[in-house]
Amino acid sequence: MKSVDAHLADILATVRPLAPLELELEQALGGTLAEEITSPVPLPPFNNSAMDGYAVRSVDIAQVPVTLPVIDDVAAGSDELRAIGPGHTMRIMTGGPLPAGADAVVPVEWTDGGTVSVRIDRTVEVGNAVRHAGEDVPSGAVVLEAGTLIGPAQLGIIAGVGRRRVLARPRPRVVVLATGAELVEPGLPLGPGQIWDSNSFTLTAAALEAGADAFRAPTVGDDPAAFLEQLDAQLLRADAVITSGGVSMGAYEPVKEALAPLGTVRFEKVAMQPGMPQGFGVVGDDQVPVFALPGNPVSSFVSFMLFVRPALGRMRGLPAGPAETVTARVAGAVRSPEGKRSFLRGRLDPGGEVTPLRGQGSHQLAALASADALIVVPEDVTDVPAGAEVQVIRL
């Protein structure tokens with residue numbers, strides 16, 4: 001059997017980062033910057049008030065209480081040039097440009113709130129409640145490096161430096177296609193021998209959570225020709241395809257029967273539990289990666305975490321490698337078959353103890369839904385006593 005590490009290495013050697021595109025800001029979230037972002041102006045571009053209050057010369061309120069005439073109002077967005085002289089003040093709103101001559105802002109809470117004249121009860125130092133031009137970003141400074149993942153804050157600074165578009169690697173478009181004649185769409189009644197499809201929902205959600213744009217395709221039964229027809233239809237909108245089911249050693253395995261003859265998708269046994277049968281390769285003129293995962297719900301989800309999630313990271317232009325692990329103490333003894341790396345479902349507490357869950361079968365979706373960690377047992381270990389240190393993958 002092929003090792004987990006070798007299978008992942010083959011996948012990461014095959015997938016490539018998506019080509020950068022010029023994206024509108026509304027489409028850039030979750031993309032990866034392919035250019036350096038600089039600010040063409042200082043941020044903020046002018047001295048302005050950090051609070052609602054009164055623009056003053058600090059020397060004029062060195063002795064308090066003091067009453068000063070209010071000669072004008074300064075609103076945020078005002079484009080008028082204003083100045084105050086000795087012994088005067090202006091009301092100013094948050095974001096309003098600081099008038100020439102003023103060197104501080106007195107918060108309105110430290111005054112009587114007057115509009116014609118104002119009594120100020122506290123002194124302030126020079127620069128109080130003033131946002132100085134360029135204090136956040138100097139003109140010409142780099143605000144984001146190429147390779148940065150674009151989250152909400154990053155999107156904000158891109159807009160904040162005046163960019164409407166950005167060169168970035170987009171979120172991969174992933175199509176999820178479940179197979180099996182026994183599958184029924186949730187919400188419809190079950191017939192004899194049927195089950196509701198859960199895999200396509202689980203895998204689509206996992207792909208979305210991993211930063212992809214994911215789409216569920218209609219399920220396919222056990223006909224290889226029907227599977228190929230559906231796959232061809234989906235390749236037009238796919239940067240990657242994830243299938244579940246149809247990859248084992250028995251009869252009626254449509255994914256394996258349809259793709260194996262192409263010669264570009266390999267089906268192998270990987271030394272892991274759950275998830276031993278795996279398929280991976282590329283199809284179509286655009287060499288779209290296809291991840292052919294097993295059909296048992298836990299097997300397909302674990303396979304996604306180990307193989308598909310790192311591949312999506314590579315496609316996004318991010319660092320990609322094996323799933324990160326943390327060290328924990330196992331609360332109860334666990335067993336694992338020799339020669340296979342096991343990924344047991346567990347719950348990890350804040351104290352660093354992980355408790356194996358009951359129901360470790362590859363079909364037991366309820367136990368997976370209760371888990372927040374996978375306990376990793378190496379291939380050469382068959383028994384792990386309670387209290388031993390283990391590696392854990394957080395879910």
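Predicted model, so just to flag it, every value in this text is computed and none were measured. (Residues numbered from 1 in each chain as written. Predicted model: local features only at pLDDT ≥ 70, side-chain atom pairs only at ≥ 80, totals over all residues. Heavy atoms only, no water.)

Let's talk about the overall build of the protein
Next up, step 1: Looking only at helices and strands, the protein features eight helices and 28 strands.
Next up, step 2: A total of 395 residues make up the protein; the buried ones form 46% of that total.
Next up, step 3: A separation threshold of at least 6 residues defines the contact pool for the protein, and within that pool the share at least 24 residues apart is 70%.
Next up, step 4: Element-wise, carbon and sulfur atoms account for 54% of the exposed surface of the protein, whose accessible area totals about 18500 Å².
Next up, step 5: The distance from the centre of the 30 positive side-chain charges to the centre of the 45 negative ones in the protein is 4 Å. (Helix = DSSP H or I, 4+ residues; strand = E, 2+ residues; numbered from the N terminus. Buried < 20%, exposed > 50% of the residue type's maximum accessible area, 1.4 Å probe, protein only. Contact = heavy atoms within 4.5 Å. Areas by Shrake-Rupley, 256 points an atom, 1.4 Å probe, with all protein chains shown as cover. Lys, Arg positive; Asp, Glu negative; His and termini not counted. Charge placed at Lys NZ, Arg CZ, Asp CG, Glu CD.)

Focus on helix 4 (residues 199–209)
Next up, step 1: Of the residues making up helix 4, those classed as buried are N199, S200, L203, T204, A206 and A207. All buried residues of helix 4 lie within an arc of 160° about the axis, which places them on one face of the element.
Next up, step 2: Elements that come into contact with the buried residues of helix 4 comprise strand 13 (173–178), strand 16 (213–216), strand 17 (240–244), strand 21 (288–293) and helix 7 (297–315).
Next up, step 3: One or two residues past the end of helix 4 sits G211, with phi positive at roughly 95°. (Arc of directions from axis to C-beta.)

As for the sheet that holds strand 18 (residues 265–269)
Next up, step 1: With mixed pairing, six strands are arranged side by side in an open sheet as 16-13-17-21-20-18. Among the strands making up the open sheet, the edge pair consists of strand 16 and strand 18. Put simply, the sheet's adjacent strands are angled 20° from each other on average, direction ignored.
Next up, step 2: The pairing of strand 20 (residues 277–283) with strand 21 spans five bridges and is classified as antiparallel. Across the sheet, the residue bridging to G281 is V290, located in strand 21.
Next up, step 3: Running over the sheet, helix 5 (residues 224–234) touches strand 13, strand 17 and strand 20 and is turned about 165° from strand 13.
Next up, step 4: Contacts from helix 7 reach strand 13, strand 17, strand 20 and strand 21, with the element oriented near 165° to strand 21. (Pairing = 2+ DSSP bridges. Axes fitted to C-alpha atoms, helices over the stretch in contact; angles between N-to-C directions.)

Some thoughts on the packing of helix 1 (residues 4–14) against helix 7
Next up, step 1: At a closest axis distance of 10 Å, the pairing of helix 1 and helix 7 adopts a crossing angle of 30°. It follows from the interaxial angle that helix 1 and helix 7 lie roughly parallel. Helix 7 is crossed by helix 1, and the crossing has right-handed handedness. Residues V4, H7, L8, I11 and L12 of helix 1 touch helix 7, and the partners they reach there are L306, F307, P310, A311 and R314.
Next up, step 2: Among the residues forming the contact of helix 1 with helix 7, the class breakdown is eight nonpolar, one polar and one charged. (Parallel < 35°, antiparallel > 145°, perpendicular 65-115°, else oblique. Left-handed = near helix turned anticlockwise from the far one by under 90°. Nonpolar A, V, L, I, M, F, W, Y, C, P; charged D, E, K, R; others polar.)

Topic: the sheet that holds strand 2 (residues 32–33)
Next up, step 1: Taken together, three strands build an open sheet; the order of strands is 1-12-2 and the sheet is antiparallel. Two strands lie at the open edges of the sheet, namely strand 1 (21–24) and strand 2, each paired on one side alone.
Next up, step 2: Of the pairings in the sheet, the one linking strand 1 to strand 12 (residues 165–169) comprises four bridges and is antiparallel in character. In the sheet register, L23 faces strand 12, and the bridge partner there is V166.

What about unusual backbone geometry?
Next up, step 1: Note the cis peptide between L43 and P44, where omega equals -10°.
Next up, step 2: You can see P44 is positioned in the loop between strand 3 (37–38) and strand 4 (48–49).
Next up, step 3: Look at Q287: it is not a glycine, yet its phi comes out positive at around 55°.
Next up, step 4: Position of Q287 relative to the elements: it lies in the loop between strand 20 and strand 21.
Next up, step 5: Looking at Q287, the relative accessible area reads 48%, which means it is partly exposed.

Some words on the environment of G30
Next up, step 1: Among the structural elements, G30 can be located in the loop between helix 2 (25–28) and strand 2.
Next up, step 2: Residues G30 and I150, 120 residues apart in the sequence, show an inter-C-alpha distance of 5.2 Å.
Next up, step 3: Non-local contacts of G30, meaning those with residues more than four positions away in its chain, are made with L149, I150, R171 and R316.

Some thoughts on the packing of helix 4 against helix 7
Next up, step 1: Two elements in contact, helix 4 and helix 7, have axes separated by 10 Å at closest approach and are oriented at 25°. In terms of axis orientation, helix 4 runs roughly parallel to helix 7. The hand of the helix 4/helix 7 crossing is right-handed. Packed against helix 4, whose contacting residues are N199, T202, L203, A206, A207 and E209, the element helix 7 presents P297, S300, F301, F304, R309 and L312 at the interface.
Next up, step 2: A class-by-class count of the residues in the contact of helix 4 with helix 7 yields seven nonpolar, three polar and two charged.

Structural notes on the nonpolar core
Next up, step 1: Formed by 37 residues in total, the largest nonpolar core has its most connected members in I242, F291, F304 and F343.
Next up, step 2: Looking at this core, the elements with two or more residues in it are helix 1, strand 13, helix 4, strand 17, strand 21, helix 7 and strand 26 (373–377).
Next up, step 3: Once residues lying within four places of it in the same chain are set aside, the contact partners of I242 are V174, V175, V176, L177, L203, F291, L293, F304 and V308.
Next up, step 4: Listed in part, the 19 residues of the second largest apolar core include V175, L177, V265 and V290. (Core = buried A, V, L, I, M, F, W, Y, C linked by side-chain atoms within 4.5 Å.)

Observations concerning the packing of aromatic side chains
Next up, step 1: On inspection of all chains with the given rule, the structure shows one aromatic pair.
Next up, step 2: Above the ring of W110, the side-chain terminus of R122 is found at 3.9 Å from the ring centroid.
Next up, step 3: Cation over ring: R216 sits above F201, and NZ or CZ is 3.8 Å from the ring centre. (Phe/Tyr/Trp six-rings, centres within 6.5 Å; stacked < 30°, edge-to-face > 60°. Lys NZ or Arg CZ within 6 Å of the ring centre and 35° of its normal.)

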